[in-house]
Structures are given as C-alpha cells and as structure tokens.
Amino acid sequence: MRPVATADQLRAAEERVFAEQPGIELMGTAAQAVVSVARIVAPNGPVVMAVGPGNNGGDGLYAAATLAADREVLIWLAMGTAHEEGLTAARQAGCREVGAVEASASLGDAALVVDAVLGLGSRPGLPDGVATFADAAEALGVPMLAVDLPSGLDADSGDVHTSFRADCTVTFAAPKPCHVIGEASERCGDVVVADIGVVVADTGVRVAEESDVARWWPMPGPNSHKYTRGVVGLDTGSADYPGAAILGCAGALHTGPGMVRYLGDASQQLIMGRFPSVVTAGGRVQAMVLGSGWGDLDDARERLDSAIGRDVPLVLDADALTLLPARLPEGSMLTPHAGELARMLDVDREEVEAHPIDSVRRAAAEFSATVLLKGGTQYVASPEGRVTIAVGGPAWTGQAGSGDTLAGACGTLLAAGVGAERAAILAASIQAITARRHPGPHPPDVLASYYPATIADLVTTPART
C-alpha cells in the first residue's frame, strides 16, 4: 500500500528532508533510478532525450551522462534552456546536443525516448513543437520512458491534456494522482516508484498493490468448514433480470465462499442449472448482497428491511441504493457507479467524475458505510475518510454485468469476516488483476471463472511471506 501524494505534499516531504539533512543531493539518486529502468526498457541502442529547464530535466541529464558510457545519447533542449550542472555533466560524458529537427529525425533509429521535459509544478499541456515530437515518437512506436510523469499531464489530476504517452514512468517517493487516476494513468504506462530517501506521510489517499491483495486474502485452514469460511446470501435478480442473479452467484462462488445461498426471485432452476453448488433454501448467512437486477420490485423495501433484520453486513448494489435506510448494519458496503453516486449525493454525474475522491469520501461519511465507487478507476472510502484506489486493470471490464459479479465477490469476502474496507479493495483488485492476466474481452461471468487461478497464484507467491 502506497500513499498517493499531490505535488505540494511531495514538495513538503522533500523540504523536510532538506531541513533535516542540509546539503543532501537527491537529483543524483533520482537519475540513477532513471538509468536502472531505462536499461530494463531498452538494454541497448541509441537514446533520444528531451529535457526541460527544471529539476525534472536535471534528473534526465544526469541519467543521460551515465547512459552515455555505453551507448549514443542525443539531447534535445525542448524548451531552449536546461539545468546547467546537469547539462555540463551530460556534455562531458559525450552526449550530443541536437535541435528539434534532428531529434525528430533520429526517432527512426532510437531504441528509447526519455521524456524529461516538464515536472510536477508545470502547467498541463505541451508547446506545439514538443507536442509534435511526442506524437512522432508515439506514431513510430519508440519505447517511451517518462521522468516523474509524462510531460503535459497535471500531477494532481486524472484529466488528459496534450502530453507524452509513456510505456513506463519513473516517479519518486510516492505515486501522484495522475499515475493512478482516470485517463491520465493510462498515459503513464507501468509506474515505477523509486525510493530516493524522501518519506511521504499518510496523505489520506493510498493505492493498493498486488502484494496487499496477497497478504490480505482470507485463507482457509485445516479446520475450516463452510460456516467458518462464510455463507453469503444473494437477494439479487428478478424475473425481468435473471442475469444479475447468475452474475452475482458467479462472482461470489469464484471468490472462495463456504456456501452461497440464492434468496432472490430469479428462477431457481436457472440458477441450479448453472451453479449446482448454490443452495436455494433459506437459512443462516453471514453477509448478504442485495439490489442487483431488482428492477421495479414491489416489495423491494420489505426485502431490504428483512435483510437489515438479520444484522449481518450488507452489500447494497444497483436498485437497493435508491432505498438507503437511516441505519445499516455495522460493516456494510455500498457499491455505486458514478451515476448512482451522483443521485445519492444529489449532484451532477460530472461532479462525481471530476472529483471522485472527494465524492466517495463524502458518501462514506454521509451514509456511515464503506463506499466502493466502480469505474475505470475504482475508489474505496471508509467512513473515517480514508480513500484507497484499488489495483488497476484494463478497460475491458467496463461492461454490463461487471458490477453484479463484483458485488457477489464483495459479499463472499464480508461473509469470510474481512472488514468492509478491505473486502471492497480486495474484490475490486482481484477483478482488475484477473482481467490484466487474462486479456479480454471476456464477459463478466467468464472473467469471474478465472478468479481462483489468480487468487491461487497471488497467495502462493513468496511475496506473501
């Protein structure tokens, strides 16, 4: 789990280091991190480096000086000026300075482009000449490594502006919002967070990693049975929307429950024909999932009240989110998408999409429940105000039914005794990790069938211990 830091928060952390260790040199450490990743992305061959005038450009220039020891390195001063000491080091190491025309012409033979033009404090967007270079590099498919962030992005936003599109980004101390939020994160490629000796304190926003999923996943022991592993009940689907019931069962079953009870209105024959291990009789449950595929059920309120009366954690999804009561059982979870969250907060959808962290945090506080905001980037807010961004995955999962399987997975984890915040993070992350490991497009029920393989791989890796 890593804290996510805004540009101001990162600068404050750096200032604390400078105050405690006067004279410390961070640029050289950052440059070595760039070199290490550059050699992985492109082990050999010419490098074309676009540099700007600030510390970001300085990181790139010191990296260029090291890379020049065993390959040709061309340097283009994209903004006309550069970090003086860094430029001197690069020149002395044998890097060759070129103009815009030669930099672009050299792309055809380049093994790697390094973007070290703009840093955290820059305004979003690129000057026309730099944008032309970035477009040319992308069109030719030259591997692109960004220093700190792809130039042109706003460090504190998930919005997309005219920018470089990186295959890999080396950032320092902590990921920034642009690395993990929205469309901007897609332009960052694989993000490597390098330790440069700067410690970022808790910012209230963090991003989950695969190692967290492996460490937190509930594992059965030799004395486990169906009730210790957890029995999840699903009151989902209806005669009009039976698919929601099947999808919810798929998500629940493939996440490792002790038992799944289906308690909704969809055809029992349909459910049993697909999943014979599902029990369709009433009985004890340790968590419940409600709302997916209800539609306009006349007795929806009664169903919700009955579930609340069981006094077990609930996952409220889809149509159940329109019936939010004054009190939910402790440890319950709400799973809206942006449109549903907007209705819950009585704001426009655009407000939620523009400010997802603030929106999900507000909802968790207002409804005293963990809130999982579904979407391309998935956010989990606790009632205490902490926001966690789940492990990211490909956009293929953005299709009808994905939320139904996700709700089922959340229910299984709650029934297993996992707290609501972690359950939401785990369920959203396992869906994303599985989608990444099994490139789609796969429909949600098929994707859910791969969950067990993903879970088994994660929990048996040495990283777990």
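Whatever comes next refers back to the structure up there.
Heads up: these notes are all about the structure in this document. Once a new chain begins, its residue numbering starts again from 1 and follows that chain's sequence as written. With pLDDT at 70 or above as the cut-off, local features in this predicted model cover only qualifying residues; side-chain atom pairs require 80 or more to be listed or tallied, and sums for whole chains, interfaces and linings still use all residues. Based on all heavy atoms of the structure, the side-chain values leave hydrogens and waters out of the count.

Comments concerning the pattern of salt bridges
The term salt bridge refers to a pairing of a side-chain nitrogen on Lys or Arg with a carboxyl oxygen on Asp or Glu at a separation within 4 Å. For the coordinates displayed, the defined rule picks out 22 salt bridges. Measuring nitrogen to oxygen at the nearest pair gives 2.8 Å for the salt bridge that ties E353 to R349. Note that E353 and R349 are positioned in helix α15 (residues 349-354) at a spacing of four residues, about one turn of the helix. A run of H or I in DSSP becomes a helix once it reaches four residues, and a run of E becomes a strand once it reaches two; helices and strands are each numbered from the N terminus.

What about the packing of aromatic side chains?
For this analysis, a ring pair means two rings from Phe, Tyr or Trp (six-membered ring only for Trp) whose centres lie within 6.5 Å, classed as stacked if their planes differ by under 30 degrees, edge-to-face if by over 60, and tilted for the remaining angles. The final tally for this structure, using the stated rule, is two aromatic pairs. Ring plane angle 50 degrees and centroid distance 5.0 Å describe the contact between W76 and F133, whose orientation is recorded as tilted. Here W76 is found in strand β3 (residues 73-77), whereas its partner F133 is found in helix α6 (residues 128-140), with 57 residues between them in sequence.

So, the nonpolar core
Residues grouped as a nonpolar core are buried Ala, Val, Leu, Ile, Met, Phe, Trp, Tyr and Cys residues, joined through side-chain atoms within 4.5 Å. The buried label applies to any residue whose accessible area, calculated with a 1.4 Å probe on protein chains only, is under 20% of its type's maximum; exposed applies above 50%, and partly exposed to all values in between. V73, I75, L145 and F172 are the most contacted members of the largest nonpolar core, which totals 51 residues. Residue contributions to this core peak at seven residues, all from helix α2 (residues 27-41). Residues in contact with V73, not counting those within four places in the same chain, are V47, A64, L67, A68, C95 and R96. Among the nonpolar cores identified, the runner-up in size contains 50 residues, and C249, L413, A448 and Y451 belong to it. Here, two residues are considered to be in contact whenever any of their heavy atoms come within 4.5 Å of each other.

Observations regarding the pairing of strand β15 (residues 370-373)
Of the two faces of β15, the one holding T370 and L372 and the one holding V371 and L373 are both buried throughout. Examined bridge by bridge, strand β14 (residues 333-334) and β15 share two bridges and lie parallel to one another. When the sheet's bridge partners are listed, M333 is paired in β15 with T370. Here β15 runs beside strand β16 (residues 379-381); their pairing, made up of three bridges, is antiparallel. What sits directly across from V371, in β16, is A381. Between β15 and β16, which pair antiparallel and follow one another directly, the connecting turn spans five residues, one of which, G375, has a positive phi of 155 degrees. Only strands that DSSP links by at least two bridges are regarded as paired with each other.

Focus: the pairing of strand β5 (residues 112-116)
In terms of burial, β5 is largely enclosed, as five of its five residues are buried. Judged by which residues are buried, β5 turns out to be covered on both faces: L112, V114 and A116 on one side and V113 and D115 on the other are all buried. Taken together, the five bridges between strand β2 (residues 47-51) and β5 define a ladder with parallel strand orientation. Bridge pairing in β5 links M49 to V114. In terms of strand pairing, β5 meets strand β6 (residues 144-147) through three bridges, oriented parallel. Directly across from V113, in β6, lies its bridge partner M144.

Re a negative patch on the surface
A surface patch of like charges, here negative, comprises D240, D296, D298, E302 and D305. Of note, D298 is situated in the loop between β12 (287-290) and α13 (300-309). Looking at D298, the relative accessible area reads 81%, which means it is exposed. Without a salt bridge and with relative accessible area above 30%, a residue can belong to a patch; like charges are then joined within 9 Å and nonpolar side chains (Val, Leu, Ile, Met, Phe, Trp, Tyr) within 5 Å. For accessible areas, the Shrake-Rupley method is used with a probe of radius 1.4 Å. Any residue's cover is judged against the shown protein chains and nothing else. Only four residue types enter the charge count, namely Lys and Arg as positive and Asp and Glu as negative; His and the chain termini do not. We put the charge of a Lys on NZ, of an Arg on CZ, of an Asp on CG and of a Glu on CD.

Some thoughts on the side chain of D445
In this structure, D445 sits in helix α19 (residues 444-449). With a relative accessible area of 18%, D445 lands in the buried category. A distance of 2.6 Å separates the side chain of D445 from the side chain of R274, its partner in a polar contact. Once residues lying within four places of it in the same chain are set aside, the contact partners of D445 are L247, A250, R274 and T405. Any pair of N or O atoms that falls within 3.5 Å is considered a polar contact. Within protein, one atom must be able to donate a hydrogen and the other to accept it, and sequence-neighbouring residues count only if both atoms are side-chain atoms.

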